[in-house]
Amino acid sequence: MSTELQPPIAKIIPHQLEKHGHVRVDNYYWLNDRENPEVIDYLNKENDYYNQSTEHTKAFQKDLFEEMKARIKEDDESVPYFYNGYFYITRFEKGKDYPIHSRKKGSLDANEELLFDCNEMAQSFTYFNLNGISISEDNKWVSYGIDTVSRRQYTIQIKNLETNEVLPLKIENTTGGATWASDNKTIFYSRKDEVTLRPDRIFKHKLGSNPDADVVVYFEKDDTFNVSVYKSKSKKYLIITSESTLTSEYQILLCETPDDKFKIFQKRTRELEYSISHYEDSFYIVTNKDNATNFKLMKTPENKTSKENWVDLIAHRDDVLFEGIDIFKDYLVVSERFDGLSKIKIMPWNGSEAYYLPFDIETYTAETTTNIDFDTEILRYSYQSMATPSSLIDFNMRTKEKVVLKEQQVLGGTFDKNNYTEKRIWATATDGTKIPISMVYRKGVELNGKNPFLLYAYGSYGMNIDPYFSTTRLSLLDRGFVYAIAHIRGGEDLGRHWYEDGKLLKKKNTFTDFIDCSNYVISEKYTSPEHLYAEGGSAGGLLMGAIVNMAPEIYNGIIAQVPFVDVVTTMLDETIPLTTGEYDEWGNPNVKKYYNYMLSYSPYDNVEAKDYPNMYISTGLHDSQVQYWEPAKWIAKLRVLKTNSKQLFMDTNMDAGHGGASGRFESLKEVAKEFSFLLDLEGIKR
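Residues numbered from 1 in each chain as written. Predicted model: local features only at pLDDT ≥ 70, side-chain atom pairs only at ≥ 80, totals over all residues. Heavy atoms only, no water.

Visitor: It is not clear to me how the overall build of the protein should be interpreted in this structure. Could you clarify?
Guide: Secondary structure assignment for the protein yields 12 helices and 37 strands. The C-alpha radius of gyration computed for the protein amounts to 26 Å, which stays within 12% of the reference 26 Å derived for 686 residues, consistent with globular compactness. Projected onto its principal axes, the C-alpha coordinates of the protein cover approximately 70 × 55 × 50 Å. In the protein, which comprises 686 residues, the share counted as buried stands at 57%. Residue pairs at least 24 apart in sequence account for 55% of intrachain contacts in the protein once pairs closer than 6 positions are excluded. Carbon and sulfur atoms make up 47% of the accessible area of the protein, which amounts to about 28400 Å² in all. Across the protein, the 82 positively charged side chains and the 103 negatively charged ones have centroids separated by 1 Å. (Helix = DSSP H or I, 4+ residues; strand = E, 2+ residues; numbered from the N terminus. Rg over C-alpha atoms; globule rule 2.2 N^0.38 Å. Buried < 20%, exposed > 50% of the residue type's maximum accessible area, 1.4 Å probe, protein only. Contact = heavy atoms within 4.5 Å. Areas by Shrake-Rupley, 256 points an atom, 1.4 Å probe, with all protein chains shown as cover. Lys, Arg positive; Asp, Glu negative; His and termini not counted. Charge placed at Lys NZ, Arg CZ, Asp CG, Glu CD.)

What follows is the structure, given as structure tokens:
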């Protein structure tokens, strides 16, 4: 990097923020204005600085991109799934970035009916995403959502599949999905608040009518709840969901009577969580009722849905997290988690002995996938591990025979899963808690403390980062990196308590767990502070911001993707998308004890004059989840206060949002930037 190249320094405009009698001075609050030309100028200058500083890696980035792209089968096709008389298929064609959606009637030998060619639809846009494909029961109509900005504000359109005519209507500012009633002319959809982007209303639309006249069938006035609508697998009920972090409420309506009123299934009760599935004359309920912290399964008649009618079907267990169910005509399939590992249990309705699918190692992920059909004895599930490519499997629940429908291909001719070691180890946290770490590395790597090591984690919202296979990761493994996932508290890996112990006033456990995992892999000679790197995105970016304030000396480099780092200011601003719905996760800073606790770990508020590690920070100008100004303010403050000359880069995608670039291969360019950052720090040039 040229010594003459100077990073941009953002101007200081002090802005006082006062709460609970406490005053914070935010020198970079002015960056919170996407329409200000000076803000755009600053972001562009940061991009220029990053690009000029890394000019020497550009050829390597291109090589990494081509290397990763070469492993991917370009002319690929999904395993077809059968629904309501048709096989549905998604495929990619060589040289094209976007999927093609099609279907075949009755048989895979039938003529293909094209639903959508997203390559043609995306031609006029720098960003394109199609989601929420929903087919009417008579197979004539399809609704779908399109986002061309990357703020997850989708425009719903409807297409006639018999004539291929796209109707002129456009329903703006939705979540993208829509649900058809049984009359094949009524759809229900959720629309977002224009400012906060919270899905807060369910609308009803009739084909042929003006969408401006669509009827609001439900408005969610509690701004900590989001709403959505879907159809039961049995096709009998339309279901509206209202959910916050800790509380849920459902409303049901017969699909055949879309003009009737929805009926409350069980009215919301603070901290009562439940989800419902319909089968025959009953509803099956996964719930935490009766202090079932890890959830249990209950059952109730479809005409008596309030909680006093619910009866236990599978009792609560302290050591097993009950994650969900798939209902079939003759079988109930239960997804569980025990000791941090996914389990799939098959339970015949006729009372025959239940059994688990067998999995042999500890670094795998297995989950049920597209199981739309009721009347089948075939369960479709996916399986992968850190060294084993993803497979899609059809399992006969009666004969126990399995058929691997598809295994992810790794092209290039050099990959062999037997060349890699994968294992699970346990670190001990400061408070004595054992934290699992899943890792993979190439066989022959000598564990001498000198290996480059990338540790990844998320640690929020009860989300699990299960061990998974990645073709892009091979570019690091084959260059000597060890890759690991720390299953820290804040996720739900070891049960609901794992989540409860990493949120609200226990949030710091998430950060100290990660630091303790980092120290453990150093002590066990997997790596050393000179070669240890950490990565996290969004709430995992908050994790990155916290650990560099708390223990910067044990990392050589940090990758923070779309990081949530200005916690206090964001959580006090109710106009920002997601804020009010997050109070049960982080706490409400309008309450003093939560304000003080957040302030004690908020990365932006705790930047100090100290030696920070090398850092690559990425964001998107149109991000609706974590606004671009959070990392922009953070890096501006770091530039002034950090006491060393280590690399500090911010890379803003001026065309994208929270998910980064659209397109199948465009996102690989972003991965190549991250990998080149790490490899350059290690002195690896090719």
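Visitor: Just to check I follow, could you spell out the sheet that holds strand S24 (residues 341–348) for this structure?
Guide: Adjacent strands of a sheet pair through backbone hydrogen bonds, lying either parallel or antiparallel. On the basis of which strands lie adjacent, the open sheet formed by four strands has the order S22-S23-S24-S25 and antiparallel pairing. Edge positions in the sheet fall to strand S22 (320–327) and strand S25 (355–356), since each of these pairs with one other strand and no more. Taken together, the two bridges between S24 and S25 define a ladder with antiparallel strand orientation. Its bridge partner lying in S25, Lys 345 is registered against Tyr 356. (Pairing = 2+ DSSP bridges.)

Visitor: Please clarify how helix H2 (residues 58–70) should be interpreted in this entry.
Guide: Since the α-helix advances by 3.6 residues per turn, residues separated by three or four positions end up pointing in the same direction. Given a rise of 1.5 Å per residue, 13 residues ought to cover 18 Å, and the 18 Å separating the end C-alpha atoms of H2 matches this to within 8%. Phe 60, Gln 61, Leu 64, Phe 65 and Met 68 are the residues of H2 that are buried. End-on, the buried residues of H2 take up no more than an arc of 140°, which puts them together on one face. For H2, exposure combined with an orientation more than 90 degrees from the buried face picks out Ala 59 and Lys 62. (Expected span 1.5 Å × (residues − 1). Arc of directions from axis to C-beta.)

Visitor: Would you mind showing me how to read the packing of aromatic side chains here?
Guide: Geometrically, a pair of aromatic rings is defined through the distance of the ring centres and the angle of the planes. Following the criterion strictly, the structure yields 39 aromatic pairs and no others. Considering the side-chain rings of Tyr 50 and Tyr 616, the 5.4 Å spacing of their centres and the 50° angle between planes classify their relative orientation as tilted. Here the residue Tyr 50 occupies a position in helix H1 (residues 37–53), and Tyr 616 occupies one in strand S36 (residues 614–620), the gap between them amounting to 566 residues. Residue classification places Tyr 50 among the buried positions, given a relative accessible area of 2%. For Tyr 616, a relative accessible area of 2% gives the class buried. For the ring pair Tyr 250 and Tyr 274, a centre distance of 5.1 Å and an interplane angle of 45° mean the geometry is tilted. Here Tyr 274 lies in strand S18 (residues 274–279) and Tyr 250 lies in strand S16 (residues 248–254), a separation of 24 residues in the sequence. Taking relative accessible area as the criterion, Tyr 274 reaches 3% and is therefore assigned buried. (Phe/Tyr/Trp six-rings, centres within 6.5 Å; stacked < 30°, edge-to-face > 60°.)

Visitor: Honestly, unusual backbone geometry in this entry has me stumped. Any pointers?
Guide: A negative phi angle is the norm for most residues apart from glycine, just as the trans form is the norm for most peptide bonds. Here Lys 235, not a glycine, exhibits a phi torsion of approximately 65°, which is positive. Looking at where Lys 235 falls in the secondary structure, it is placed in the loop between strand S14 (226–231) and strand S15 (237–243). Positive phi is not limited to glycine here, since Glu 280 has a value of about 55°. Assignment of secondary structure puts Glu 280 in the loop between S18 and strand S19 (282–287). With a relative accessible area of 56%, Glu 280 lands in the exposed category.

Visitor: Any chance you could explain the packing of helix H6 (residues 508–523) against helix H7 (residues 539–550) here in plain terms?
Guide: How two helices pack is summed up by the angle between their axes together with the distance between the axes. Running from N to C, H6 and H7 point in directions that differ by 65°, and their axes come no closer than 9 Å. Between H6 and H7, the angle is such that the two are roughly perpendicular. By crossing handedness, the relation of H6 to H7 is classed as right-handed. When H6 is examined against H7, the residues Thr 510, Phe 511, Thr 512, Phe 514 and Ile 515 are found in contact with a partner set consisting of Leu 542, Leu 543, Met 544, Ala 546, Ile 547 and Met 550. (Axes fitted to C-alpha atoms, helices over the stretch in contact; angles between N-to-C directions. Parallel < 35°, antiparallel > 145°, perpendicular 65-115°, else oblique. Left-handed = near helix turned anticlockwise from the far one by under 90°.)

Visitor: Explanation requested: H1 in the structure shown.
Guide: With 17 residues, H1 ought to run about 24 Å at 1.5 Å a step, and its terminal C-alpha atoms sit 24 Å apart, in line with that. Along H1, the positions that sit buried rather than exposed are Val 39, Tyr 42, Leu 43, Glu 46, Asn 47, Tyr 49, Tyr 50 and Ser 53. End-on view of H1: buried residues confined to an arc of 160°, all on one side of the axis. Summarising the contacts, the buried residues of H1 are in contact with H2, S36, helix H11 (629–641), strand S37 (648–653) and helix H12 (666–681). For H1, the capping residue at the N-terminal end is Asn 36, with a side-chain oxygen 2.9 Å from the backbone nitrogen of Glu 38. (Polar contact = N/O pair within 3.5 Å; in protein donor to acceptor, adjacent residues only side chain to side chain.)

Visitor: Explain the pairing of S22 to me, please; I cannot follow it from the model alone.
Guide: Along any regular strand, the residues point their side chains to alternate faces of the sheet. For S22, the buried fraction is high: seven of the eight residues fall into the buried class. For S22 and strand S23 (residues 331–338), the ladder comprises seven bridges, and the chain directions are antiparallel. Bridging from a neighbouring strand, Phe 322 pairs with Glu 336 of S23. Here S22 folds back onto S23 in antiparallel fashion, the turn holding three residues.

Visitor: For this particular structure, what's the right way to read the environment of Ser 618?
Guide: Among the secondary structure elements, Ser 618 is positioned in strand S36. In this structure, Ser 618 is in contact with Ala 560, Gln 561, Val 562, Pro 563 and Asp 651, ignoring residues within four places of it in sequence.

Visitor: Sorry, what's going on with the pattern of salt bridges here?
Guide: Pairs can form between side chains of opposite charge once their charged atoms are near each other. Considering all chains together, one arrives at 45 salt bridges under this definition. With a closest N to O distance of 2.9 Å, Glu 249 and Arg 268 form a salt bridge. Within this pair, whereas Glu 249 is found in strand S16, its partner Arg 268 is found in the loop between strand S17 (263–266) and S18, the two being separated by 19 residues in sequence. Note that Arg 489 and Asp 431 form a salt bridge whose closest N and O atoms lie 2.9 Å from each other. Residue Arg 489 is located in the loop between strand S33 (482–486) and helix H5 (496–500), and its partner Asp 431 is located in the loop between strand S30 (420–428) and strand S31 (434–442); the two are separated by 58 residues in the primary sequence. Residue classification places Asp 431 among the partly exposed residues on the basis of a relative accessible area of 48%. Taken together, the shared-partner salt bridges in this structure form one network comprising Arg 91, Glu 93, Lys 96 and Glu 112. (Salt bridge = Lys/Arg side-chain N within 4 Å of Asp/Glu carboxyl O.)

Visitor: Explain the environment of Pro 603 here, please?
Guide: Looking at the element boundaries, Pro 603 is found in the loop between helix H10 (592–601) and S36. Considered as a pair, Pro 603 and Pro 563 are 40 residues apart in the sequence and their alpha carbons are 9.8 Å apart.

Visitor: Would you mind showing me how to read the environment of Glu 492 here?
Guide: Here Glu 492 shows up in the loop between S33 and H5. For the pair formed by Glu 492 and Pro 7, sequence separation is 485 residues and the distance between their alpha carbons is 40 Å. In contact with Glu 492, not counting residues within four places along its chain, are Leu 321, Arg 337, Gly 462, Met 463, Asn 464, Trp 498 and Tyr 499. Within the structure, the side chain of Glu 492 is placed 3.1 Å from the side chain of Arg 496, a separation counted as a polar contact.

Visitor: Which parts of the structure should I look at to understand the packing of H2 against H12?
Guide: Where H2 meets H12, the closest approach of the two axes is 8 Å, and the angle between their N-to-C directions is 125°. Considering the angle they form, H2 stands oblique to H12. In the packing of H2 onto H12, the handedness of the crossing is right-handed. Every residue of H12 that contacts H2 at Phe 60, Gln 61, Leu 64, Phe 65, Met 68 and Lys 69 is listed here: Leu 668, Lys 669, Val 671, Ala 672, Lys 673, Phe 675, Ser 676 and Leu 679. Classifying every residue of the contact of H2 with H12 gives nine nonpolar, two polar and three charged. (Nonpolar A, V, L, I, M, F, W, Y, C, P; charged D, E, K, R; others polar.)

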